[in-house]
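These are the residues of each chain, in order.
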Amino acid sequence: MTTTGAPAASRTSFVVTGLVASAVAASATGLAALLAQAVGVDFDVVDGQTIPVPGFVVVAGFFSLVGVLVAAAFRRWSARPAVLFVRTAVALTVVSLIPPLVSGAAAATVVALVVLHLVPAAVMIPVLARSLSGQGLRATAP
């Protein structure tokens, strides 16, 4: 009896979970941006540049997928992938808040941008951490 199917199935499940979570994170970010616009927040940043709502969706989706790749690497090469992923993801989320805070945009725009950074993190971090629980080098060792 061979066990090669179990790791492949687990890997497929992890990837599907990551892709679905990325789509949910991007969609939630887009909806949050639309809601912010509906209540009067403009996304005008320095030099009169306006961030379009689809831009939020694309960027959230892209970086969510980057998060899936990081989680997959930790899953493959770490003994404690969930812990390492959560620490890394939270640190990167905090770093991502710096540009909105120093953008010089209106206060409502800054608050909305900070929230729009936290929305995909609030979706992706728990989902991927849960998927990584019990995974890693120690879990696969005989």
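Before going into details, it helps to say that this report is about the structure given with it. All of these numbers come straight from a predicted model, not from anything done at the bench. (Residues numbered from 1 in each chain as written. Predicted model: local features only at pLDDT ≥ 70, side-chain atom pairs only at ≥ 80, totals over all residues. Heavy atoms only, no water.)

Quick notes on the side chain of Ser-22
Among the secondary structure elements, Ser-22 is positioned in helix α1 (residues 5-38). At 2.8 Å, the side chain of Ser-22 and the backbone oxygen of Gly-18 are in polar contact. Each residue touching Ser-22, except ones within four places of it in the same chain, is listed here: Ser-64, Leu-65, Val-68 and Met-124. (Helix = DSSP H or I, 4+ residues; strand = E, 2+ residues; numbered from the N terminus. Polar contact = N/O pair within 3.5 Å; in protein donor to acceptor, adjacent residues only side chain to side chain. Contact = heavy atoms within 4.5 Å.)

Examining a nonpolar patch on the surface
A contiguous nonpolar surface patch, about 400 Å² in accessible area, is contributed by Val-95, Ile-98, Leu-101 and Val-102. Structurally, the position occupied by Val-102 is in the loop between α4 (98-101) and α5 (107-132). Given the relative accessible area of 64%, Val-102 is considered exposed. (Patch = residues over 30% accessible without salt bridge, like charges linked within 9 Å, V, L, I, M, F, W, Y side chains within 5 Å. Areas by Shrake-Rupley, 256 points an atom, 1.4 Å probe, with all protein chains shown as cover. Salt bridge = Lys/Arg side-chain N within 4 Å of Asp/Glu carboxyl O. Buried < 20%, exposed > 50% of the residue type's maximum accessible area, 1.4 Å probe, protein only.)

Regarding the nonpolar core
Counting residues in each nonpolar core, the largest one holds 15 residues, and the members touching the most others are Phe-14, Val-68, Ala-71, Phe-85, Met-124, Leu-128 and Leu-132. Secondary structure elements with two or more residues in this core: α1, α2 (53-77), α3 (81-96) and α5. Per element, the largest residue contribution to this core is 6 residues, and it comes from α5. Apart from the residues within four sequence positions on either side, Ala-71 is in contact with Phe-14, Phe-85, Leu-128 and Leu-132. By size, the runner-up hydrophobic cluster in this structure holds 9 residues, among which are Ala-36, Phe-43, Val-53 and Leu-116. (Core = buried A, V, L, I, M, F, W, Y, C linked by side-chain atoms within 4.5 Å.)

Side note on α3
The terminal C-alpha atoms of α3 lie 22 Å apart, and with 16 residues this matches the ideal 22 Å at 1.5 Å per residue to within 8%. Pro-81, Ala-82, Phe-85, Ala-89 and Thr-93 are the residues of α3 that are buried. An end-on view of α3 places all buried positions within 85° of arc, on one side of the element. Residues Arg-87 and Val-94 are exposed on α3 and point more than 90 degrees away from its buried face. The inward-facing, buried residues of α3 contact α2 and α5. (Expected span 1.5 Å × (residues − 1). Arc of directions from axis to C-beta.)

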